[in-house]
Amino acid sequence: MGRLFIEDMGGPVYKCKSCNVDSASPDDIYSKEFRGHFDRAYLFTNVVNIFLGPIEECMLISGLHTVQDIYCRSCQQILGWKYDKAYEEDQKYKEGMYILERELLLRHGW
Ligand SMILES: [Zn+2]
């Protein structure tokens, strides 16, 4: 396997807590009012240095969704999930966005 390509965002950034690689920019937070599997979670429009797990159907408080788990590309730690498809009309805005668990992130640079 070749060298992993790891993007360095610079500036204030959320990092993966277990390996310190950049995960997302605070500028890309869409909402902080989400719940993850553990605790509070943030909804991001963009994340970096991740890979996606298989597509799964998931019943959430807000209805049925198709999601993919998000893993850190560097250490394989699970970080959250991506919304592929929402079936409820008022949840469609989440499609293509990413949930990152606050507990698994490290704030860096501010
Ligand atoms: Zn990591």
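Our subject is the structure listed above.
Residues numbered from 1 in each chain as written. Predicted model: local features only at pLDDT ≥ 70, side-chain atom pairs only at ≥ 80, totals over all residues. Heavy atoms only, no water.

1. Observations regarding the coordination of the zinc ion
Around the zinc ion, the protein contributes the donor atoms Cys 16 (SG), Cys 19 (SG), Cys 72 (SG) and Cys 75 (SG), which lie 2.3 Å from the metal centre. Its 4 donor atoms give the zinc ion angles of 105 to 115° at the centre, a pattern that matches the tetrahedral case. All donors of the zinc ion come from a single chain, and their spacing in sequence reads C-x2-C-x52-C-x2-C. What makes Cys 19 partly exposed here is its relative accessible area of 23%. (Donors = N, O, S within 2.8 Å, 3.2 Å for Na, K, Ca; no water. Tetrahedral: all angles 85-135°; square planar, octahedral: opposite > 155°, others 65-115°. Buried < 20%, exposed > 50% of the residue type's maximum accessible area, 1.4 Å probe, protein only.)

2. Let's talk about the sheet that holds strand 9 (residues 105–108)
Reading across from one edge, 2-1-9 is the order of the 3 strands in this open sheet, with antiparallel pairing throughout. Of all strands in the sheet, those bounded by a partner on one side alone are strand 2 (22–24) and strand 9. Adjacent strand axes in the sheet meet at a mean angle of 50°, parallel and antiparallel pairs treated alike. Examined bridge by bridge, strand 1 (residues 13–16) and strand 9 share 4 bridges and lie antiparallel to one another. Within the sheet, the bridge partner assigned to Lys 15 lies in strand 9 and is Leu 106. (Pairing = 2+ DSSP bridges. Helix = DSSP H or I, 4+ residues; strand = E, 2+ residues; numbered from the N terminus. Axes fitted to C-alpha atoms, helices over the stretch in contact; angles between N-to-C directions.)

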